[in-house]
Amino acid sequence: MKNLDYNKIMCFVGILLIVIFCVVLVIDYMNYDIFNSAPFSVIILLRIIEFWLPGGILIWLYNQNTNLKETVYSIKSDKLPKAFSGYKIVHISDFHNTNSKRLKTKIIEVLNKNKPDIIVITGDLIDSRRTNILNVKAFLQRVVNIAPVYYVLGNHEDLLFD
């Protein structure tokens, strides 16, 4: 069975839920006779969708912003020096100054588990709309104790310096 990408599935489900929610709102707003002539069970189902769907979407958005996606690549090439045999590089991006203790803890656990030789952070460590430098500093103080860190600015950092 093909390995399905959880994020793509959740993105599709989220978009589908938004579309269903919009259709129900339009039906309700236009005062179609569906609500007057439909069986009670259909009305209840539509009301459940109308009121509970936004909460489901918010939960989905929260999970998308607080889950860690871990992907492992193994590269083998005769062109690489022998010194790179077994060399581990961990890549972190789009941290966006998260306040999620769960996400930060998971990142530190994964870093400790993998014991990387270097950690590269490729931008968007902060969010240009909410810049809590102390939050990022506390996270980086933990990360630099695991392995050397290399960092490049992303578009959110660039927006701060314009």
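Our subject in this report is the structure included herewith.

### Here we look at the packing of helix H4 (residues 101–114) against helix H5 (residues 133–143)
Step number 1: It is the contact of H4 with H5, at a shortest axis distance of 10 Å, that shows an interaxial angle of 20°. Our classification of the angle between H4 and H5 gives roughly parallel. Between H4 and H5 lies a crossing whose hand is right-handed. Taking contact as the criterion, the partners of Lys104, Ile107, Ile108 and Leu111 in H4 are, on H5, Asn135, Phe139, Arg142 and Val143.
Step number 2: Tallied by class, the residues present in the contact of H4 with H5 amount to five nonpolar, one polar and two charged.

### Focus on unusual backbone geometry
Step number 1: Here Asp94, not a glycine, exhibits a phi torsion of approximately 55°, which is positive.
Step number 2: Checked against the element boundaries, Asp94 lands in the loop between strand S1 (89–92) and H4.
Step number 3: The backbone phi angle of Lys115 is positive, close to 45°, even though this residue is not glycine.

### Description of H5
Step number 1: Taken residue by residue, H5 has Asn135, Val136, Phe139 and Val143 as its buried positions. Looking down the long axis of H5, one finds its buried residues gathered within 95° of arc, a one-sided arrangement. Across H5 from its buried face, at more than 90 degrees, point the exposed residues Ile133 and Leu134.
Step number 2: Looking at the buried positions of H5, the neighbouring elements they touch are H4, strand S2 (118–122) and strand S3 (149–152).

### Overview of the sheet that holds S3
Step number 1: The three strands lie next to each other as S1-S2-S3, forming an open sheet whose pairing is parallel. Looking at strand neighbours, the two that pair on one side only are S1 and S3, the edges of this open sheet. The average angle at which neighbouring strand axes cross in this sheet is 20°, direction not considered.
Step number 2: Where S1 and S2 come together, four bridges link them in parallel fashion. Residue pairing for S2: His91 is matched across the bridge by Val120.

### Quick look at the pairing of S3
Step number 1: Across four bridges, S2 lies against S3 in parallel orientation. Considered in S3, the bridge of Thr122 is made with Val152.

### Structural notes on the nonpolar core
Step number 1: Counting residues in hydrophobic clusters, the biggest one holds 15 residues, and the most contacted among them are Ile92, Ile107, Leu111, Ile119, Phe139 and Val143.
Step number 2: Ranked by residue count, the leading element in this core is H4, at four residues.
Step number 3: Every residue in contact with Ile107, bar those within four places of it in the chain, is listed here: Leu68, Ile92, Phe95 and Phe139.

### Description of the packing of aromatic side chains
Both the distance between ring centres and the angle between the ring planes are used here to describe each pair of aromatic rings.
Step number 1: On inspection of all chains with the given rule, the structure shows two aromatic pairs.
Step number 2: The interplanar angle of 20° and the centroid separation of 4.3 Å between the aromatic rings of Phe95 and Phe139 together place this pair among those described as stacked. Residue Phe95 is found in the loop between S1 and H4, and its partner Phe139 is found in helix H5; the two are separated by 44 residues along the sequence.
Step number 3: For Phe95, a relative accessible area of 5% gives the class buried.

Rules used in this analysis
- Residues numbered from 1 in each chain as written.
- Predicted model: local features only at pLDDT ≥ 70, side-chain atom pairs only at ≥ 80, totals over all residues.
- Heavy atoms only, no water.
- Axes fitted to C-alpha atoms, helices over the stretch in contact; angles between N-to-C directions.
- Helix = DSSP H or I, 4+ residues; strand = E, 2+ residues; numbered from the N terminus.
- Parallel < 35°, antiparallel > 145°, perpendicular 65-115°, else oblique.
- Left-handed = near helix turned anticlockwise from the far one by under 90°.
- Contact = heavy atoms within 4.5 Å.
- Nonpolar A, V, L, I, M, F, W, Y, C, P; charged D, E, K, R; others polar.
- Buried < 20%, exposed > 50% of the residue type's maximum accessible area, 1.4 Å probe, protein only.
- Arc of directions from axis to C-beta.
- Pairing = 2+ DSSP bridges.
- Core = buried A, V, L, I, M, F, W, Y, C linked by side-chain atoms within 4.5 Å.
- Phe/Tyr/Trp six-rings, centres within 6.5 Å; stacked < 30°, edge-to-face > 60°.

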